[in-house]
Amino acid sequence: MTPVAELVEYQQGEKLGGLPISLYVAAGPYTLDSNLGYEPLDALMDVVCDERPDVVILVSYRELSVVADMQLGPFVDSAHPHIQSGKISVSPTDLFREQVAARISRINEVSPATTVILIPSVRDLISQHAAYPQAAFDRTGLGLSKKVRILPNPCSFSINEVLVSLASTDVLFHLRREEVFQRAEEAEPDPSVPSSSNPQGDPMANLVRHVLTQRNFYPIFPAPEALAHEVNLDVTHWNMLRLEETAPDILILPSKLKHFSKVVDSTLAVNPGHLARASSAGTFAKLTIHPSKDLGGDDIGDEDLMDHRVDERTRSEVWRI
């Protein structure tokens with residue numbers, strides 16, 4: 001909750017002037033497995049430069065490719081076919097500068113008011129830390145403008161009054177693999193109550209609820225043996241996986257599971273999907289956070305606290321690139 005006076009300043013002040021906040025979220029892979037041309041990222045940059053959102057979040061994510069049986073996703077992926085086979089003539093840092101940083105610089109030039117946020121993955125060759133939780137990128141030598149914000153994996157941050165939490169590890173898929181559900185028959189069922197065809201409810205919402213209720217970005221210990229290599233879990237820094245005591249307004253969890261956007265216990269949970277599949281374009285998410293409607297009520301004082309209710313005033317869409 002936030003004092004009404006602060007909400008008025010955030011939403012109706014000089015910067016926003018009553019306009020909504022636009023937030024774009026994309027998760028890797030950012031290039032196809034057939035080349036290192038980063039065409040999907042280039043297409044996303046075209047959209048960003050045309051529409052000029054307030055914030056762009058680029059999450060470095062890895063996915064287990066069913067076709068190639070390898071993991072793809074980070075900005076410079078150690079498991080990319082061209083890198084593994086040696087079909088690369090530049091260093092990982094130079095590749096990032098040429099293919100990623102150069103494209104991000106277009107945003108800085110065309111839309112200087114847009115804030116770009118980068119989140120790493122444990123398989124990023126440009127990262128100095130390959131365990132989860134993971135430190136932010138070292139800006140040195142990456143060719144990134146000071147306007148680009150680099151944050152750790154996982155992380156929580158605020159955009160005005162809106163608390164956003166996210167992680168690049170595919171915790172939803174891991175939870176789905178480990179979840180056990182057993183349907184039990186009622187001893188004396190009520191014949192007037194129709195039986196549910198889906199007693200488990202919304203499975204994706206249930207997965208998100210595990211993260212929210214346990215207040216942990218990775219509420220599994222130990223990591224599943226078959227998936228442990230995707231996490232590289234560092235238990236000595238387990239405390240860094242804790243969520244805030246207050247549930248986030250927006251929770252971003254990229255996953256290989258089908259993309260979605262839904263409200264779970266007043267938190268807007270978003271899986272933006274992948275910007276690129278193994279050989280085709282993918283999806284990204286657009287979030288438009290509208291200002292609160294009842295800030296000027298006669299019975300509301302400046303010192304009164306008000307719920308953010310971001311789930312009620314946010315339009316969330318998943319677009320194909």
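Residues numbered from 1 in each chain as written. Predicted model: local features only at pLDDT ≥ 70, side-chain atom pairs only at ≥ 80, totals over all residues. Heavy atoms only, no water.

**Student:** What is the right way to look at the packing of helix H2 (residues 39–51) against helix H4 (residues 92–110) in this model?
**Tutor:** A pair of packed helices can be characterised by two numbers: the angle between their axes and the separation between those axes. Two numbers describe how H2 lies on H4: the axes approach to 10 Å, and their chain directions differ by 5°. On the basis of the axis angle, H2 is roughly parallel to H4. Across the interface between the two elements, Leu 41, Asp 42, Met 45, Asp 46, Val 48 and Cys 49 from H2 touch Gln 99, Val 100, Arg 103, Ile 104, Arg 106, Ile 107 and Val 110 from H4. Residue composition of the contact of H2 with H4, grouped by class: 8 nonpolar, 1 polar and 4 charged. (Axes fitted to C-alpha atoms, helices over the stretch in contact; angles between N-to-C directions. Helix = DSSP H or I, 4+ residues; strand = E, 2+ residues; numbered from the N terminus. Parallel < 35°, antiparallel > 145°, perpendicular 65-115°, else oblique. Contact = heavy atoms within 4.5 Å. Nonpolar A, V, L, I, M, F, W, Y, C, P; charged D, E, K, R; others polar.)

**Student:** What should I look at first to understand the side chain of Ser 255 in this one?
**Tutor:** Checked against the element boundaries, Ser 255 lands in the loop between strand S10 (250–252) and strand S11 (260–264). Looking at Ser 255, its side chain comes within polar contact range of the side chain of Asp 170, at 2.7 Å. (Polar contact = N/O pair within 3.5 Å; in protein donor to acceptor, adjacent residues only side chain to side chain.)

**Student:** Teacher, can you tell me more about the sheet that holds strand S13 (residues 283–289) here?
**Tutor:** What holds strands together in a sheet is hydrogen bonding between their backbones, with the strands either parallel or antiparallel. Within the open sheet, the 6 strands sit side by side as S7-S6-S3-S2-S13-S15. Their pairing is mixed. With one partner strand each, in any of the chains shown, strand S7 (149–150) and strand S15 (314–320) form the two edges of the open sheet. (Pairing = 2+ DSSP bridges.)

**Student:** Would you explain the nonpolar core in this entry?
**Tutor:** Side chains of a nonpolar character, in soluble globular proteins, are inclined to be buried together. If you look at the biggest cluster of nonpolar residues, it comprises 32 residues, and the most contacted ones within it are Leu 44, Leu 58, Phe 96, Leu 118 and Leu 144. Contributing elements (two or more residues each) for this core: strand S2 (21–27), H2, strand S3 (55–59), H4 and strand S6 (115–119). Every residue in contact with Phe 96, bar those within four places of it in the chain, is listed here: Phe 75, Val 76, Ala 101, Leu 118, Ile 126, Leu 142 and Leu 144. Counting 27 residues, the second largest nonpolar core, distinct from the first, contains Val 122, Tyr 218, Leu 241 and Leu 243. (Core = buried A, V, L, I, M, F, W, Y, C linked by side-chain atoms within 4.5 Å. Buried < 20%, exposed > 50% of the residue type's maximum accessible area, 1.4 Å probe, protein only.)

**Student:** Is there a simple way to explain the packing of aromatic side chains in this structure?
**Tutor:** Where two aromatic rings form a pair, the distance of their centres and the angle of their planes describe that pair. Scanning all chains against the criterion turns up 7 aromatic pairs. Seen in terms of ring centroids, Tyr 132 and Tyr 218 are 6.4 Å apart; in terms of plane orientation they differ by 80°. Their pairing is edge-to-face. Note that Tyr 132 is positioned in the loop between S6 and S7 and Tyr 218 in the loop between helix H6 (203–214) and helix H7 (228–231), a separation of 86 residues in sequence. Look at Phe 221 and Trp 238: their rings are 5.7 Å apart centre to centre, the planes differ by 75°, and that puts the pair in the edge-to-face class. Of this pair, Phe 221 sits in the loop between H6 and H7 while Trp 238 sits in the loop between H7 and S10, placing them 17 residues apart in sequence. Since its relative accessible area comes to 60%, Phe 221 is described here as exposed. Owing to a relative accessible area of 27%, Trp 238 belongs among the partly exposed residues under this scheme. What links up through ring pairs into an aromatic cluster is the set Tyr 30, Phe 75, Phe 96 and Phe 137. (Phe/Tyr/Trp six-rings, centres within 6.5 Å; stacked < 30°, edge-to-face > 60°.)

**Student:** Teacher, can you tell me more about the pattern of salt bridges here?
**Tutor:** Should their charged atoms come close, side chains of opposite charge can pair. For the structure on display, the rule yields 9 salt bridges. Where Asp 42 meets Arg 103, a salt bridge forms, and the shortest distance between an N and an O atom there is 3.4 Å. Linking Asp 42 in helix H2 with Arg 103 in helix H4, this pair joins segments that are 61 residues apart in sequence. Using a relative accessible area of 28% as the deciding quantity, one classes Asp 42 as partly exposed. Since its relative accessible area comes to 13%, Arg 103 is described here as buried. Between Arg 209 and Asp 265 there is a salt bridge, and its shortest N-O distance comes to 3.1 Å. Of the two residues, Arg 209 sits in helix H6 while Asp 265 sits in the loop between S11 and strand S12 (267–271), which places them 56 residues apart along the sequence. Classification of Arg 209 as partly exposed rests on a relative accessible area of 28%. Each of the salt bridges in this network shares a partner with another, and the network as a whole consists of Asp 42, Asp 46, Arg 103 and Arg 106. (Salt bridge = Lys/Arg side-chain N within 4 Å of Asp/Glu carboxyl O.)

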